[in-house]
Amino acid sequence: MAIPKDVIGRLPKAEILWVRWNTWSHYTRWYVARFRLANAVRYDIGPITILHRAPWLEESARSLHPHLFEGAL
């Protein structure tokens, strides 16, 4: 089942692009990781964290915002 279009418009949106330098990461080894969040994707590349907007995962949207789905089937 897909998220209805009227509900998609009312769901909160993540920032389009977010970049951060982690000052604590110089104590750890470099690594590359990808994480899928409810409505974003996060990449950790050594001390750099990049986050960008992605479509909502349906299960996450339904569990975090059930009030938006009450009338939708």
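As a reminder, the structure under discussion sits directly above these lines.
This one's a predicted model, so the numbers in the text were calculated from it and none came from an experiment. (Residues numbered from 1 in each chain as written. Predicted model: local features only at pLDDT ≥ 70, side-chain atom pairs only at ≥ 80, totals over all residues. Heavy atoms only, no water.)

**Student:** What is the right way to look at the overall build of the protein in this model?
**Tutor:** The secondary structure content of the protein amounts to two helices and four strands. Start at the N end of the protein and walk to the C end: the helices and strands fall as α-β-β-β-β-α. A compact globule built from 73 residues would reach a C-alpha radius of gyration of about 11 Å, whereas the protein, at 16 Å, exceeds it by more than 25%. With the principal axes as the frame, the protein shows a C-alpha extent of 50 × 20 × 15 Å. A sequence separation of at least 24 residues applies to 49% of the contacts in the protein between residues at least 6 apart. Carbon together with sulfur atoms contributes 63% to the accessible area of the protein, which is approximately 5500 Å² in total. Between the averaged position of the 10 positive side-chain charges in the protein and that of its 6 negative side-chain charges there is a distance of 8 Å. (Helix = DSSP H or I, 4+ residues; strand = E, 2+ residues; numbered from the N terminus. Rg over C-alpha atoms; globule rule 2.2 N^0.38 Å. Contact = heavy atoms within 4.5 Å. Areas by Shrake-Rupley, 256 points an atom, 1.4 Å probe, with all protein chains shown as cover. Lys, Arg positive; Asp, Glu negative; His and termini not counted. Charge placed at Lys NZ, Arg CZ, Asp CG, Glu CD.)

**Student:** Please clarify how the nonpolar core should be interpreted in this entry.
**Tutor:** By size, the foremost hydrophobic cluster in this structure holds eight residues: Ile-3, Val-7, Leu-11, Ala-38, Trp-56, Ala-61, Leu-68 and Phe-69. Setting aside residues up to four positions removed in sequence, Leu-68 forms contacts with Val-7, Arg-10 and Leu-11. (Core = buried A, V, L, I, M, F, W, Y, C linked by side-chain atoms within 4.5 Å. Buried < 20%, exposed > 50% of the residue type's maximum accessible area, 1.4 Å probe, protein only.)

Purely geometric numbers; function is a separate question.
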